[in-house]
Amino acid sequence: MKNNTVARPAFARHLLAAGLVTSLALVTACTKSEDDSGKSTSTAQQDDAGQQVASPSTDSGPTCTVDAYGGGKLDLKGATVGFSQSEKEANPFRIAETASIKAEAQKRGIELLTANAQSQFSKQISDVQDLIAKGANLLVIAPLNSDGWEPVLRAAGAKHIPIVTIDRKINATACKDYVSFIGSDFVQQGQRAADQMIEATGGKGEIAILLGAAGNNVTTERTKGFEDRIKEKAPGLKIVFRQTGEFAREKGQSVTENLIQSKPGITGIYAENDEMGLGAVNALKGAGKKPGDVKIVTIDGTRNAVQAIVDGWIYGVIESNPRFGPLAFQTLDTFTQGGKVGQDIVIQDSSYAKGNAQTDLGKAY
């Protein structure tokens, strides 16, 4: 990393302590999905929807500093940040995630280079290599897969370029190959989804899982959390169907159409993201089912999924907050000034159910 330290106000040294304790709100409303029915969310409604850190203290887990990572201090305002998005921005989660990164970079006056891998892992690797070649001093990466990052890590390591990953982890060594991971506790998300499914079904019946895309920690951990909690708390609930919907609405619909044919008495469906859950809703409507005939629990917190709770098609949604911009840049700022940052920065996620879906619809993205 280039050593081009610029004098900064004394408060910058304390950004970690201040920032990781407070709520970080995105100041602009997220872009609507292609399938949004025209509902809009005002900036004021979004102000309390920013990410909060579940464990803000750097004493609660392993930390990283610029001295431990290698390289020199850096003024973030004088740096170029590269952002690599993993998937096309049709999924509301990715729309909100990218909007948050861009908004925070603009707010801070930072030069931002962006790339979108369009759900192609080989393209994401070449994208990040290209960001490095274009002069990125720091990298924020939303990984498509957890494995296969060695070419990028070698290139970034040679130049001491700090990397923060968001939403998904990479299988590498923190504070050596990358600085920090910022994201949700995905095992806990699966557990909370299981609790909602148990409540919805009374703990009895046959349920299906629409798995996320293979090859990343989100799918693995959301599955583990859900299955372990069902086994522990509801032995009367039998998981009789598992198939990937690849985190996509169309795939979730086609998989659910097959599910209805093979398991017509299915009681509930756990979709590991909202898009697959909304695809399942489409399949159930096409099969002549009524709202609530099959209990659906999903993860993400998109506006369309929360509206589906209001409409009776989805029972509950566990939030996975995509507004990473403020926390990602604050982490980089603290790190490049020589402060400690957590190697794993876990955010708090809320949830939606019949009791709060209508009133909290404005917080969804």
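Quick note: structure is the one above.
Residues numbered from 1 in each chain as written. Predicted model: local features only at pLDDT ≥ 70, side-chain atom pairs only at ≥ 80, totals over all residues. Heavy atoms only, no water.

> I'm lost on the pattern of salt bridges in this one. Help?
Enumeration over the complete set of coordinates arrives at 16 salt bridges. With a shortest N-O distance of 3.0 Å, D344 and K169 are connected by a salt bridge. Of this pair, D344 sits in strand β13 (residues 344–346) while K169 sits in the loop between β5 (163–166) and β6 (180–183), and the two are 175 residues apart along the sequence. Residue K169 is classed as partly exposed on the basis of its relative accessible area of 27%. Ionic pairing is found between R229 and D195, a salt bridge with its closest N-O pair at 2.8 Å. With R229 in helix α8 (residues 217–233) and D195 in helix α7 (residues 186–201), this residue pair connects regions lying 34 residues apart in the sequence. (Salt bridge = Lys/Arg side-chain N within 4 Å of Asp/Glu carboxyl O. Helix = DSSP H or I, 4+ residues; strand = E, 2+ residues; numbered from the N terminus. Buried < 20%, exposed > 50% of the residue type's maximum accessible area, 1.4 Å probe, protein only.)

> How do you make sense of the sheet that holds strand β4 (residues 138–141) when you look at a structure like this?
Strand pairing in a sheet relies on backbone hydrogen bonds. The paired strands run either parallel or antiparallel. Read from one edge of the open sheet, 6 strands run β3-β2-β4-β5-β6-β13, paired in parallel fashion. The open sheet is flanked by β3 (111–116) and β13, the only strands paired with a single partner. For this sheet, the mean inter-axis angle between neighbouring strands, taken without regard to orientation, is 20°. Bridge analysis of strand β2 (residues 80–85) against β3 gives 6 bridges, and the strand direction is parallel. Residue pairing in the sheet places G82 in a bridge with L113 of β3. Contacting β2, β3 and β4, helix α5 (residues 121–133) runs over the sheet at an angle of about 175° to β2. (Pairing = 2+ DSSP bridges. Axes fitted to C-alpha atoms, helices over the stretch in contact; angles between N-to-C directions. Contact = heavy atoms within 4.5 Å.)

> Explain the state of the cysteines to me, please; I cannot follow it from the model alone.
By definition, a disulfide links the sulfur atoms of two cysteine residues through a covalent bond. According to the stated counting rule, one finds 1 disulfide in the structure shown. Covalently, C64 is tied to C175 through a disulfide, its sulfur atoms 2.1 Å apart. Here the disulfide of C64 and C175 is right-handed, its torsion about the S-S bond being about 80°. One end of the pair, C64, is in strand β1 (residues 63–64); the other, C175, is in the loop between β5 and β6, with 111 residues separating them in the sequence. With respect to class, C64 is no different from C175; both count as buried. (Disulfide = S-S within 2.5 Å.)

> Got a minute to help me understand the sheet that holds strand β10 (residues 295–300) in this structure?
Here we have 6 strands laid out as an open sheet, ordered β8-β7-β9-β10-β11-β14, and mixed in their pairing. Of all the strands in the sheet, the pair left with one neighbour each is β8 (237–244) and β14 (351–352). Two strands pair when backbone bridges link them, and strand β11 (residues 316–319) and β14 are joined in this way by 2 bridges, in the antiparallel orientation. Looking at the pairing, V317 lines up with Y352 of β14. Contacts from α7 reach β7 (205–211), β8, β9 (268–271), β10, β11 and β14 within the one sheet, and its direction differs from that of β10 by about 160°. Against the sheet, α8 contacts β7, β8, β9 and β10, and its axis sits at roughly 170° relative to β7.

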